[in-house]
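Fold and contact review
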Amino acid sequence: MSGHAFKEFKINWGMVIDLDKCTGCGACMTACQVENNIAPMVDASNKMRTLSWMLVFELSNGKPAPEAEVAYLPRPCMQCGHPACVPVCPVVATDKNEEGGIVSQIYPRCIGCRYCMAACPYHARYFNWEDPIFPKGMEKALSPDTSTRPRGVVEKCNFCHTRLMHAKDKARQDGGDPEALAEGAYIPACVEVCPTGAITFGDLKNPEHKVHQLSKSKNAFRLLEKLGLKPQVYYMSNREWVRKLGDNYAAGGKPGAEKKHS
Amino acid sequence: MEEKKQCKGCWGALPFVIGFVAAVIAGWVLYPDLIYSKKTQPVNFSHKVHAEQGMVCADCHTFRDDGSYAGIPTNEKCNECHSDVVGTNPAEKVYVDKYGKTGKDVPWLIYQYQPDNVIFSHKAHESLECTSCHPDMAKNDVPPTYYQNKLSGYSKQTMRMWQCERCHAENGVSNACHVCHK
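1. Details of the pattern of salt bridges
Pairing is possible between side chains of opposite charge, provided their charged atoms come close. The tally for this structure, following the rule as stated, stands at 17 salt bridges over all chains. One salt bridge in this structure joins Asp 136 of chain B and Lys 139 of chain B, with 2.6 Å as the shortest N-O distance. Of the residues examined, Asp 136 of chain B reaches a relative accessible area of 35% and is grouped as partly exposed. It is possible to trace a salt-bridge network through shared partners that takes in Asp 20, Glu 69 and Arg 239 of chain A.

Following this line, the structure appears as structure tokens:
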């Protein structure tokens, strides 16, 4: 990984998703599709071809009836501190170099090689197999905040990045500091829409933001922590089996142990 | 013997050379004109006339409360003074009859419109002179011709990426892709 040193930022935009509050309703997925101009598929049954920057997974404790339990896990892009997708991109169409640590994806630069998709262990990246087709009339309702993507490029969640830019403009207009946004000034669409308030969003490094404390609570964990990608998305649950699934270790492996990277 | 052969080859290639040079010249000189269609503004609006009335830029080009840029003023603004024809300039009559009175917004052409995937904020650039990115409009009596790329549909007069990036680099502003792209 030489040449791709871990970049420190003053701000780390991040989420803490409380899996005990998530009901799996899917409102976040819908809000995401609207915000980011993802065209509805004519036939969405082929899950290899759907685009879902935010995807809710169902988890099960695998036990029979009386003890059976499920949980739902919303999966945006993890905006990894040490992204696996960035160093493999041959054309620098994806990078983690902006203050805040959001991993960018620049569609006109992308050549569609899909190395990044192979590299991402969270399957957070999606490939446009077709040009988007918006039902008649819907093209008028598209959001100006996200450009539409043509066939042949990769796309992914970017924490509704344009909302960040708007929040900065608002701060400038009000005479505030665009680099020190107050909690709640900038939140992605999925966070805004979640009816149970399961997703908390903010600057992980700012003690005034709730996520700062939440991400450090004893029930907080990150997905596949052992890979050392340092995601900026945290999960939390009071249920041990849920936390264990988060690290999905092989039978006999040690849960929660982070692999040391050289 | 060998020399003769070579010479034959030379003359044979001449038409190709001439053709090639002609094509290059045509491509260089004519094509840039061919690819752009020229358009004029729907109303022959003069910045100079209005600046001489003592109006300042911010009278018409304002920020909204959320810090976004309102851009070109709507009819509402123009009608403050042009609810009826006040002068003798025929351009004013065009505005009043075609747009002001019908309530139809003027389909102004925006020279600077960026492609869909670019995000720009006037708020962030408020401290700069308009002329560091735009032509000096205050002196503009006739709106410049608008050149539209026939293939992409974009304006020729937009600022290019290297121009944005150069100024950002000079001022120590981030040039991370996400700063300008969406």
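Let's pick the thread back up.
2. Some points on the confidence of the model for chain B
When pLDDT is averaged along chain B, the result is 89, and 95% of the positions lie at 70 or above. Summarising per-element confidence for chain B, the mean pLDDT is lowest in helix α1 (residues 2-35) of chain B (78) and highest in helix α6 (residues 161-170) of chain B (96).

3. Details of the domain arrangement of chain B
Residue and element names in this part refer to chain B. You can read the domains of chain B as domain 1 (1-37) and domain 2 (40-57 + 108-182). Summarising the inter-unit geometry, the C-alpha centres of domain 1 and domain 2 are found 40 Å apart. Facing the five residues of domain 1 at the interface are seven residues of domain 2. Summed over both partners, the interface of domain 1 with domain 2 comes to about 590 Å²; 56% of that surface belongs to carbon and sulfur atoms. On the domain 1 side of the contact with domain 2, Ile 35, Tyr 36 and Ser 37 bury the most area, a combined 87% of that side's loss. Applying the counting rule to domain 1 against domain 2 returns zero salt bridges. Linking domain 1 to domain 2 there are three residue pairs in polar contact (both at pLDDT 80 or more). Examining the composition of the side of domain 1 that touches domain 2, we find that three residues originate from one element, α1, more than from any other. A per-class count over the side of domain 1 that touches domain 2 returns four nonpolar, one polar and no charged.

4. Regarding the interface of chain A and chain B
Across the contact, 24 residues belong to chain A and 18 residues belong to chain B. Both sides together, the interface formed by chain A and chain B hides about 1,700 Å², and carbon and sulfur atoms give 59% of it. If you sort the residues of chain A by the area they bury against chain B, Ile 106, Asp 169 and Gln 173 of chain A come out on top, with a joint share of 28%. At the junction of chain A and chain B, the tally comes to zero salt bridges.

5. Some thoughts on the side chain of Asn 61 of chain A
Residue and element names in this part refer to chain A. The residue Asn 61 is located in the loop between β2 (55-60) and β3 (70-75) in this model. For Asn 61, the side chain forms a polar contact with the main-chain oxygen of Glu 67, separated by 2.9 Å. Beyond its immediate chain neighbours, meaning those up to four positions away, Asn 61 contacts Glu 67, Ala 68, Glu 69 and Trp 241.

6. Focus: the packing of aromatic side chains
Residue and element names in this part refer to chain A. In this structure the tally under the stated criterion is nine aromatic pairs over all chains. A connected cluster of aromatic rings, assembled from ring pairs, spans Trp 13, Phe 159, Tyr 186 and Phe 201. Above the plane of the ring of Phe 127 lies Arg 114, whose end atom (NZ or CZ) is 4.4 Å from the centre. In this arrangement the basic side chain of Arg 149 is found over the ring face of Tyr 107, its NZ or CZ atom lying 5.5 Å from the centre.

7. Some points on the nonpolar core
Grouped together as the largest cluster of nonpolar side chains are 54 residues, with contacts concentrated most on Trp 13, Met 15, Tyr 122, Phe 159, Tyr 186 and Tyr 235 of chain A. Beyond its immediate stretch of four places on either side in the chain, Phe 159 of chain A contacts Trp 13, Gly 14, Met 15, Cys 77, Gln 79, Ile 102, Tyr 186, Pro 188, Phe 201 and Val 233 of chain A.

8. Considerations on unusual backbone geometry
Residue and element names in this part refer to chain A. In this model, Asn 37 sits at a positive phi of 50°, which is unusual for a non-glycine residue. Tracing the backbone through its elements, the reader meets Asn 37 in the loop between α1 (27-35) and β2. Residue Lys 230 is not a glycine yet carries a positive backbone phi of 50°. Following the sequence through the fold, Lys 230 ends up in the loop between β9 (220-221) and β10 (233-236). Judged by relative accessible area, Lys 230 falls into the partly exposed class, the value being 33%.

Parameters at a glance
- Residues numbered from 1 in each chain as written.
- Chains lettered and ligands numbered in written order.
- Predicted model: local features only at pLDDT ≥ 70, side-chain atom pairs only at ≥ 80, totals over all residues.
- Heavy atoms only, no water.
- Salt bridge = Lys/Arg side-chain N within 4 Å of Asp/Glu carboxyl O.
- Buried < 20%, exposed > 50% of the residue type's maximum accessible area, 1.4 Å probe, protein only.
- pLDDT = per-residue confidence, 0-100.
- Helix = DSSP H or I, 4+ residues; strand = E, 2+ residues; numbered from the N terminus.
- Domains from an automatic or database assignment.
- Contact = heavy atoms within 4.5 Å.
- Buried area = accessible area lost by both parts, 1.4 Å probe.
- Polar contact = N/O pair within 3.5 Å; in protein donor to acceptor, adjacent residues only side chain to side chain.
- Nonpolar A, V, L, I, M, F, W, Y, C, P; charged D, E, K, R; others polar.
- Phe/Tyr/Trp six-rings, centres within 6.5 Å; stacked < 30°, edge-to-face > 60°.
- Lys NZ or Arg CZ within 6 Å of the ring centre and 35° of its normal.
- Core = buried A, V, L, I, M, F, W, Y, C linked by side-chain atoms within 4.5 Å.

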